[in-house]
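If you want the building blocks of each chain, they are given just below.
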There are 2 protein chains.
Amino acid sequence: MIKCLLVEDQTLVRLGLANLLNLDSAINIEAQAEDGLQALALLAEHSVDIVLLDMRMPNLDGLGVLQKMREKGDKTPVLIITTFEDCDVLVKALNLGARGYVLKNIELEELISAIKQVVAGERVLQSAVTDFLLKKQLSPQLCLTDKEQTVLQCMSLGMSNKVIAKKLDNSEGTIRNHVSQILAKLDVKDRTQAVIKAINQNLI
Amino acid sequence: MIKCLLVEDQTLVRLGLANLLNLDSAINIEAQAEDGLQALALLAEHSVDIVLLDMRMPNLDGLGVLQKMREKGDKTPVLIITTFEDCDVLVKALNLGARGYVLKNIELEELISAIKQVVAGERVLQSAVTDFLLKKQLSPQLCLTDKEQTVLQCMSLGMSNKVIAKKLDNSEGTIRNHVSQILAKLDVKDRTQAVIKAINQNLI
DNA sequence: CCAACGCTATGACAGATGTCACTGTTTTTA
DNA sequence: TAAAAACAGTGACATCTGTCATAGCGTTGG
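Below or above, wherever it landed, is the structure these notes cover. (Residues numbered from 1 in each chain as written. Chains lettered and ligands numbered in written order. Predicted model: local features only at pLDDT ≥ 70, side-chain atom pairs only at ≥ 80, totals over all residues. Heavy atoms only, no water.)

For the rest of this paragraph, the subject is the interface of chain A and chain B. At the interface, 28 residues of chain A touch 29 residues of chain B. With both chains or domains summed, chain A and chain B bury close to 2400 Å², and 68% of this area falls on carbon and sulfur atoms. For the interface between chain A and chain B, the tally reads 5 residue pairs in polar contact (both at pLDDT 80 or more). Put simply, the parts of the chain that give the side of chain A that touches chain B at least two residues each are α1 (11–22), α5 (108–119), α7 (146–156) and α10 (191–200) of chain A. Here the element with the most residues in the side of chain A that touches chain B is α1 of chain A; it accounts for 8 residues. (Contact = heavy atoms within 4.5 Å. Buried area = accessible area lost by both parts, 1.4 Å probe. Polar contact = N/O pair within 3.5 Å; in protein donor to acceptor, adjacent residues only side chain to side chain. Helix = DSSP H or I, 4+ residues; strand = E, 2+ residues; numbered from the N terminus.)

This model, assessed by the stated rule, comprises 2 cavities of 30 Å³ or more. Surrounding the largest cavity, Leu12 of chain A together with Leu6, Val7, Glu8, Val13, Leu17, Leu52, Leu53, Asp54, Ile81 and Lys104 of chain B form its lining. Within the residue set of the lining of the largest cavity, elements represented by two or more residues are β1 (2–7), α1 (11–22) and β3 (50–53) of chain B. When the residues that make up the lining of the largest cavity are grouped by side-chain class, the tally is 8 nonpolar, no polar and 3 charged. Each pocket or cavity is described by its volume, and for the second largest cavity that value is around 60 Å³. Around the second largest cavity, the lining residues are Leu6, Val7, Glu8, Val13, Leu17, Leu52, Asp54, Ile81 and Lys104 of chain A together with Leu12 of chain B. Going through the elements one at a time, β1 (2–7) and α1 of chain A are the ones with two or more residues in the lining of the second largest cavity. (1 Å grid on protein atoms, 1.4 Å probe; cavity = no way out; pocket = protein on both sides within 12 Å on 5 of 7 lines; lining within 4 Å. Points joined across faces, edges and corners; volume = space filled by probe spheres on them. Nonpolar A, V, L, I, M, F, W, Y, C, P; charged D, E, K, R; others polar.)

Before going further, it helps to examine the protein's contact with DNA strand C. Around DNA strand C, 18 residues are found, and the nearest of them are Arg176, Ser180 and Arg191 of chain A together with Thr145 and Lys147 of chain B. Of all atoms in DNA strand C that approach within 4 Å of the protein, 65% are sugar or phosphate atoms. Note that a base oxygen of DNA strand C is positioned 3.0 Å from one of the side-chain N or O atoms of Asn177 of chain B. Residue His178 of chain B places a side-chain N or O atom 3.2 Å away from a phosphate oxygen belonging to DNA strand C. Mapped by element, the contributors of at least two residues to the surface near DNA strand C are α8 (161–168) and α9 (172–186) of chain A together with α9 (172–186) of chain B. (Near = heavy atom within 4 Å.)

Moving on, we come to the protein's contact with DNA strand D. Taken together, 19 residues lie near DNA strand D, and Thr145 and Lys147 of chain A together with Arg176, Ser180 and Arg191 of chain B sit nearest. Close to the protein, within 4 Å, the atoms of DNA strand D belong to sugar or phosphate groups at a rate of 65%. Within the contact set of DNA strand D, a base oxygen lies 3.0 Å away from a side-chain nitrogen or oxygen of Asn177 of chain A. Between DNA strand D and the protein, one listed contact pairs a base nitrogen with a side-chain N or O atom of Arg176 of chain B at 3.4 Å. The dominant element in the surface near DNA strand D, judged by the number of residues it contributes, is α9 of chain B, at 5 residues. In terms of residue class, the surface near DNA strand D is built from 2 nonpolar, 11 polar and 6 charged.

This is how it looks when you write it as structure tokens:
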């Protein structure tokens, strides 16, 4: 019997999914969490074979949960189940040790099969995802520096260059240069596109 | 026994929800559709007491289904069940005769209660929703027009004024005026803040 | 019918934004 | 240690963005 922790914020989806999965004789939903903080609390109490983890949640999102788990040395395998086909989040999740990543439009049988595979120690990735990994491996370092991260955060809060400069105690020209660099790295043309990308990909 | 047609594109959610609702002795999911076209086809075959309708779907979305139903004179009551708190869609759905509008983060008991109320001929709106209607009634000048919605959508995709102008076949100046108007209505200072607000509030 | 509104458009303007080239300092790392 | 980054800055430049005033056109509702 596979013991699962199901983490999903939407009550209906969570209960429905729990019901469906419990119909399979090999699977048992031991516990359910409706946000990241609750998930961590339940992980501390229960010992489960796998965590079924949604990405977008209030309080603490999926990546945050993964991060905290790793910090605590928790090695419980995690299968990401998300609505969004977001390659960067995927990569981050994998780097944080997630063992599988599937979209919510998956068929029930496939999901059950994925759960069993992950528990058996295998990796489960959808093809759209592996494509991206290959592409990324071929391309060089386009990672944001700490300072660029900070500036991007400010941009994502809607600040102008002038405001950011004042907040970070830099000249406006410096911020402009950082912004320019960020745009190049993210491969976008202006700050609005950068912010959209940052929000969608949880770069912030 | 209340006969339901459940329309929802995500397999997991649909099956899960069907299971949950069938647990209630008064409710029976007669048929399930995974997109709008299938929903219309099933409506022609089955006679049901209520349609549980998702909004975002491939092929034909929720609004499209409502529209077609009204064109055909189909008076079956419809309860919208959606993830997104989208004011505009809500208003359109109500104008097309939807009898209820609830978010997917609703509790199961509330959903069941909502279904029964709608079948009984009542209207069911969540407070988040009525709040908006009130706000709208109090300050109609703050509502985006159709065109402004369209422009905001484009902005949220990262388009520049020039690109939007070309896409919508307007002059760049016109788009600038629309953008200016949008910023005023959303009470923000630049397009980046507008896009952030639009994304966070699912205005798009 | 006429007022109100939505949509389109123009021109002028100030200020914000992004790019480039070039110069330093400090920290990291190979 | 020396090279490579990251970090901070300046100035010039072209372009984009947002505001404002103004105005014509079409539709709608009282």
